Amino acid sequence: MDVNLVLRSTRVITPEGTRPASIAVAGGTIAAVLPHDAEVPDGARLEDVGDLAVLPGLVDTHVHVNDPGRTAWEGFWTATRAAAAGGITTLLDMPLNSLPPTTTVDHLRVKQDVARTKAHVDVGFWGGALPDNVKDLRPLYDAGVFGFKCFLSPSGVDEFPQLDQDRLAASLAELAAFDGLMIVHAEDPHELAAAPQKPGAAYTDFLASRPPAAENTAIRNLIDQARRLRARVHVLHLSSADALPLLAAAKAEGVRITVESCPHFLTLAAEEIPDGATEFKCCPPIREAANQDLLWRGLADGTIDCVVSDHSPSTADLKTGDFASAWGGISSLQLGLPAIWTEARRRGHSLEDVARWMAAGPAWLAGLDRKGAIAVGRDADFAVLAPDATFTVDPAGLQHKNRVTAYAGKTLQGVVTATWLRGQRVYDRGVLAEPSGRLLVREA
């Protein structure tokens, strides 16, 4: 195919490192990564971004879009606009908080029909594993979901009940038969029930109600099940650093387990959360700074495989001042890249690390072979970042439908100036193009 675009920068983040380069794009695909001063082919348009960094478009595999059914909370139009503004070119929608949840093929088709004309970035879907839908797992997989989410403790919505250990085993045995992936909200219900439950505005009381032991026990049980059944499992939104040795040992043993964490666990700390500030509430919770230091160590040594948002918004009225009753979820889809880059840079990490955690890692997890790297044959998806620029988070500037955010007023480093999807600019310094995202399905 003829090259129609050349994107040039002195700082292109490739799997081989950062270098000056000209990226040749043909038909929405990266055709070549050339020397910086390479001649521009006839008929191709040159976009020279100077010293701005060009990263692969980020991949966020943990987004609650809530569409249809709870579109007052979010929706495909607003969520994908926020993604584009944050340098994210691919997101995978979680199967719950929408009505219907993605637990049958018919429900998946409803979701796809709603998303089709609203997506500003590429969108794929996870299926859901419930106590009574083992029979639906293989049909959903064949219909193109990327794997299946389950909860080991109450999900917060009645239409998505948790799996006990026996039902988890039944679902994992079914998935192992076709090598499907189970992604798991790992908090143990018995540990949660034993923890002190004290309603009110005090964050310390909420933190005590979701102890590290709940995660640690659930992860230990999950490792045992995955080992016994030879199943593929993934731990969602790791908060407890106490679980890292368990996970590292399981990986070394050959258990097929991966793990993610999230920007809020890696950049926010319990000590700084004011009482009544339920915009910081999520489950599992944001823990102390010492715990955060250990999570960064697990990220650096590869125990944690990727960083994704767990964007879980709600209407402002659900964020009451009582931590026990407030909706649990952090809205961060647009802010994940600068939040992580701000802290990563402070800790001595590079943009190459960030690209590995937020683009390559999630793409690998989901089997998105055309995403996650600036390399020949990949989709021409790019995030253009001014890594030295700073900004103060103003909720009014967010594309999320509900602009409640734990990052309000924080000064972050790294400004996304442009986002490209398959060689087309979908975001440019605050301006969004018309929707051009595609619906993605898992490929065999």
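Here is a short report on the structure shown in this document. (Residues numbered from 1 in each chain as written. Predicted model: local features only at pLDDT ≥ 70, side-chain atom pairs only at ≥ 80, totals over all residues. Heavy atoms only, no water.)

**Looking at the overall build of the protein**
Then step 1. Across its full length, the protein holds 12 helices and 18 strands.
Then step 2. Its C-alpha radius of gyration of 21 Å places the protein within 12% of the 22 Å reference for a compact globule of 444 residues.
Then step 3. Counting only C-alpha atoms, the protein reaches 70 × 45 × 45 Å along its principal axes.
Then step 4. The buried share among the 444 residues of the protein stands at 60%.
Then step 5. Nonlocal contacts in the protein, meaning residues at least 24 apart in sequence, comprise 74% of its contacts between residues at least 6 apart.
Then step 6. As displayed, the protein offers around 16000 Å² of accessible surface, 50% of which is attributable to carbon and sulfur atoms. (Helix = DSSP H or I, 4+ residues; strand = E, 2+ residues; numbered from the N terminus. Rg over C-alpha atoms; globule rule 2.2 N^0.38 Å. Buried < 20%, exposed > 50% of the residue type's maximum accessible area, 1.4 Å probe, protein only. Contact = heavy atoms within 4.5 Å. Areas by Shrake-Rupley, 256 points an atom, 1.4 Å probe, with all protein chains shown as cover.)

**Concerning helix H11 (residues 336-346)**
Then step 1. Here H11 lies mainly inside the structure; eight of its 11 residues are buried.
Then step 2. Gly336, Leu337, Pro338, Ala339, Ile340, Trp341, Glu343 and Ala344 are the residues of H11 that are buried.

**Considering helix H1 (residues 76-85)**
Helical geometry: 3.6 residues make up each α-helical turn, so side chains three or four residues apart lie on a common side.
Then step 1. Here H1 lies mainly inside the structure; nine of its 10 residues are buried.
Then step 2. Every buried residue of H1 is listed here: Phe76, Thr78, Ala79, Thr80, Arg81, Ala82, Ala83, Ala84 and Ala85.
Then step 3. For H1, the secondary structure elements touched by its buried residues are strand S7 (88-93), helix H2 (105-115), strand S8 (122-125), strand S16 (411-421), strand S17 (424-428) and strand S18 (431-432).
Then step 4. Of the residues trailing H1, Gly87 is marked for its positive phi of about 85°.

**Overview of the pairing of strand S13 (residues 257-261)**
Then step 1. Counting buried residues along S13, five of its five residues qualify, which places the element largely inside the surrounding structure.
Then step 2. The alternating pattern of S13 places Ile257, Val259 and Ser261 and Thr258 and Glu260 on opposite faces, both of which are buried.
Then step 3. Relative to S13, strand S12 (residues 232-235) is paired through three bridges, and the arrangement is parallel. Bridged to Val235 within S13 is Val259.
Then step 4. This β-α-β element, S12 to helix H8 (residues 244-253) to S13, shows right-handed connectivity.
Then step 5. For S13 and strand S14 (residues 306-307), the ladder comprises two bridges, and the chain directions are parallel. Counterpart to Ser261 in the pairing with S14 is Val307. (Pairing = 2+ DSSP bridges. Right-handed = clockwise from strand over helix to strand, strands pointing away.)

**Topic: the state of the cysteines**
Then step 1. Tallied over the full model, the rule gives zero disulfides.
Then step 2. For the unlinked cysteine Cys150, the closest cysteine sulfur is that of Cys262, found at 16 Å. (Disulfide = S-S within 2.5 Å.)

**Details of the packing of H11 against helix H12 (residues 351-366)**
Then step 1. Taken N-terminus to C-terminus, the directions of H11 and H12 make an angle of 135°; their axes are 10 Å apart at the nearest point. The angle between H11 and H12 places the two elements in the oblique class. Here H11 runs over H12; the crossing is right-handed. Residue-level inspection shows Gly336, Leu337, Ile340, Trp341 and Ala344 of H11 in contact with H12, the latter providing Leu351, Val354, Trp357 and Met358. (Axes fitted to C-alpha atoms, helices over the stretch in contact; angles between N-to-C directions. Parallel < 35°, antiparallel > 145°, perpendicular 65-115°, else oblique. Left-handed = near helix turned anticlockwise from the far one by under 90°.)

**Here's the deal with unusual backbone geometry**
Then step 1. In the segment running from Asp67 into Pro68, the intervening peptide bond is cis, with an omega of 0°.
Then step 2. Cis geometry marks the peptide bond from Cys283 to Pro284, where omega comes out at 0°.
Then step 3. For Pro284, the location among the structural elements is in the loop between helix H9 (263-267) and helix H10 (289-300).
Then step 4. Here the phi dihedral of Asn66 falls at roughly 65°; this positive angle occurs in a residue that is not glycine.
Then step 5. The topology assignment puts Asn66 in the loop between strand S6 (58-63) and H1.
Then step 6. Phi at His237 is positive, roughly 35°, even though this residue is not glycine.
Then step 7. With respect to the helices, strands and loops of the structure, His237 is situated in the loop between S12 and H8.
Then step 8. For His237, a relative accessible area of 3% puts it in the buried group.

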